[in-house]
Amino acid sequence: MSTLEEHVDVDISIDKAWDSLHRLENYPRFVDGIRGARETGGRARLDVEAGGRSRELEAVVSDREDERVMEWRTTGTPSLKGSFSLRSLDKNHTRIQARLEYDPDTVRAEFGGPKGFAQVTAIERVVRSDLDHFKEYAEQGR
């Protein structure tokens, strides 16, 4: 398994960031490749397009609200696991830490794309871009 960690600082309160992160239906606005998202009973269903392939992923989502941590894991293939941790920097600024655990070979087999270092670089670029898009989305107060 490989682990990727990235973070972004947003110019909103931790409460607003937490609320924005939990609006699953808005994920297509800031997560590259998500075409649709919905939640039913603690499970997220995501319509994903990546590497020229479309598929539906299901993930179990859980919160540790008192710690401001949202964790998720896919229920099928590919096996992915991740979390978002929020930390207040001050009353109007929040750091969002994204963590993703994945098997590079499985991701390549499921979605295509490069091998080795090129794949890691591509995944890092996508996660970084998604965090930057979340920052824009959340700060605009949509």
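Residues numbered from 1 in each chain as written. Predicted model: local features only at pLDDT ≥ 70, side-chain atom pairs only at ≥ 80, totals over all residues. Heavy atoms only, no water.

Asks: Where do I start with the overall build of the protein in this structure?
Replies: Of regular secondary structure, the protein possesses 3 helices and 7 strands. The order of helices and strands in the protein, counted from the N terminus, is β-α-β-β-β-β-β-β-α-α. Computed over its C-alpha atoms, the radius of gyration of the protein comes to 15 Å, within 12% of the 14 Å expected for a compact globule of 142 residues. Across its three principal directions, the C-alpha atoms of the protein cover 45 × 35 × 25 Å. Within the protein, the fraction of its 142 residues that count as buried is 38%. Within the protein, counting contacts between residues at least 6 apart in sequence, those at least 24 apart form 49% of the total. (Helix = DSSP H or I, 4+ residues; strand = E, 2+ residues; numbered from the N terminus. Rg over C-alpha atoms; globule rule 2.2 N^0.38 Å. Buried < 20%, exposed > 50% of the residue type's maximum accessible area, 1.4 Å probe, protein only. Contact = heavy atoms within 4.5 Å.)

Asks: What is the right way to read helix α1 (residues 14–21) from this model?
Replies: Note on helix geometry: an α-helix contains 3.6 residues per turn, so any two residues three or four positions apart are oriented the same way. Buried within α1 are the following residues: I14, A17, W18, S20 and L21. For α1, the angular spread of buried residues about the axis comes to 165 degrees, placing them on one side. (Arc of directions from axis to C-beta.)

Asks: Looking at this structure, I do not really get the side chain of E58. What am I missing?
Replies: Note on placement: E58 falls in strand β4 (residues 53–64). Within polar-contact distance, the side chain of E58 engages the side chain of R43 at 2.8 Å. If we skip the residues at most four places from it in the chain, E58 touches R43, A44, R45, R73, T74 and T75. (Polar contact = N/O pair within 3.5 Å; in protein donor to acceptor, adjacent residues only side chain to side chain.)

Asks: Sorry if this is basic, but what is going on with the pairing of strand β5 (residues 69–74) here?
Replies: Two strands pair when backbone bridges link them, and β4 and β5 are joined in this way by 6 bridges, in the antiparallel orientation. Its bridge partner being in β5, V60 is matched across the sheet by R73. The hairpin formed by β4 and β5 contains 4 residues between the paired strands, and R68 there has a positive phi angle of roughly 60 degrees. Relative to strand β6 (residues 80–90), β5 is paired through 5 bridges, and the arrangement is antiparallel. Residue pairing for β6: W72 is matched across the bridge by G82. (Pairing = 2+ DSSP bridges.)

Asks: Mind showing me how you'd approach the pattern of salt bridges here?
Replies: Where side chains of opposite charge bring their charged atoms close, a pairing between them can arise. The full count for this structure, using the stated rule, is 15 salt bridges. In this structure, E6 and R128 form a salt bridge, with 3.1 Å as the shortest nitrogen-oxygen distance. Note that E6 is positioned in strand β1 (residues 2–10) and R128 in helix α3 (residues 116–139), a separation of 122 residues in sequence. Given the relative accessible area of 27%, R128 is considered partly exposed. With a shortest N-O distance of 3.2 Å, E67 and R64 are connected by a salt bridge. Here the residues in one salt-bridge network are R38, R43, R45, D47, E56 and E58, joined through shared partners. (Salt bridge = Lys/Arg side-chain N within 4 Å of Asp/Glu carboxyl O.)

Asks: What should I look at first to understand unusual backbone geometry in this one?
Replies: Negative phi values dominate among residues other than glycine, just as trans dominates among peptide bonds. Of note, the amide linkage connecting T77 to P78 takes the cis form, showing an omega dihedral of 0 degrees. Relative to the helices and strands, P78 is located in the loop between β5 and β6. Of note in this structure, R68 is not a glycine but carries a positive phi near 60 degrees. Examined against the element boundaries, R68 turns out to sit in the loop between β4 and β5.

Asks: What's the story with the environment of L57 in this structure? I'm lost.
Replies: Looking at the element boundaries, L57 is found in strand β4. By relative accessible area, L57 is classed as buried at 10%.

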